[in-house]
Amino acid sequence: MWTIEELKYKKESEDRIEFKQGENGNISYDGGSKIKPAERRRCILGYVIALCNEGGGSLVIGMHDSYPHKVIGTKQSEGKIGELESNIYRDTNIRPTIYELYENPETKQGRVLVIDVPSRPIGMVFKFEDVALMRVGEELKPMSDEVYLKIIEEKEPDFSQKICKEATLYDLDDEAINILRHKYSIKQNNPLNSS
């Protein structure tokens with residue numbers, strides 16, 4: 001979880017954070033009635049999808065997007081954080097962590113809404129209205145073919161490729177080694193000597 005002081009000095013690209021003012025809770029959840037696709041994407045779901053595709057990050061609502069980021073405050077999803085979290089999961093299968101911060105916690109002034117978005121699973125791309133999104137500067141754009149292909153070609157590492165640093169020779173099972181030798185000799189068409 002971030003603090004307001006930490007957020008003030010975060011950089012959008014480097015720290016994978018998207019700042020939106022949203023003073024009156026005016027950021028559309030799903031693009032609303034906007035007709036142009038580029039305008040519809042600039043919504044909570046669009047940014048959640050893009051951040052997830054980029055390895056995770058945070059959507060911060062209620063702070064100015066120019067650096068250093070000043071608190072403006074927002075009414076976005078006020079009193080409805082659980083509902084927002086549930087809706088995002090229902091509509092995207094992405095489970096964010098959502099919380100509120102206050103510039104002045106005693107008076108509850110300067111409310112900031114933070115939506116922490118997890119990274120996508122290996123080899124999986126998320127889409128908004130059938131378009132894989134990524135952030136490019138201040139905009140949400142369709143993911144380039146190069147990035148899309150790179151992601152879908154990712155594979156989980158094979159567990160047998162991993163090095164177990166704590167293992168010693170004494171951890172090896174003699175019977176398992178003999179089975180491996182036998183199977184390898186069959187594969188190589190080279191029968192084991194009886195010696």
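Anything mentioned here points back to the structure above.
Structural notes, computed from the coordinates. (Residues numbered from 1 in each chain as written. Predicted model: local features only at pLDDT ≥ 70, side-chain atom pairs only at ≥ 80, totals over all residues. Heavy atoms only, no water.)

1. A word on the pairing of strand β4 (residues 109–117)
What counts, and what does not: The cut-offs for exposure are 20% and 50% of the maximum accessible area for each residue type, with area from a 1.4 Å probe on protein chains only; residues under the lower value are buried, those over the upper are exposed, and the others partly exposed. The helix and strand labels rest on DSSP assignments: H or I over at least four residues marks a helix, E over at least two residues marks a strand, and numbering proceeds from the N terminus. Strands were regarded as paired on the criterion that DSSP finds at least two bridges between them.
Within β4, eight of the nine residues are buried, leaving the element largely enclosed by the surrounding structure. Note: strand β2 (residues 57–61) against β4, five bridges, orientation antiparallel. Considered in β4, the bridge of Val 60 is made with Val 114. Where strand β3 (residues 97–104) and β4 come together, seven bridges link them in antiparallel fashion. Each bridged residue has a counterpart across the sheet, and for Asn 104 the counterpart in β4 is Gln 109. What sits between β3 and β4 in their antiparallel hairpin is a turn of four residues, with Lys 108 showing a positive phi close to 60 degrees.

2. Here we look at the sheet that holds strand β6 (residues 131–136)
To keep it simple, the criterion reads: By the convention used here, residues are in contact when the closest approach between their heavy atoms is within 4.5 Å. Axes, fitted as lines to C-alpha atoms, cover a helix only where it is in contact. Angles between the N-to-C directions of the axes lie from 0 to 180 degrees.
In space, the three strands of this open sheet follow the order β5-β6-β7, with antiparallel pairing throughout. Looking at the sheet topology across the chains shown, the edges are occupied by β5 (127–128) and β7 (139–142). Two strands pair when backbone bridges link them, and β6 and β7 are joined in this way by four bridges, in the antiparallel orientation. Counted as the bridge partner of Val 136 is Glu 139 from β7. Across the face of the sheet, helix α3 (residues 44–53) comes into contact with β5, β6 and β7 while running at roughly 80 degrees to β6.

The values reported here are purely geometric and, on their own, carry no functional implication.
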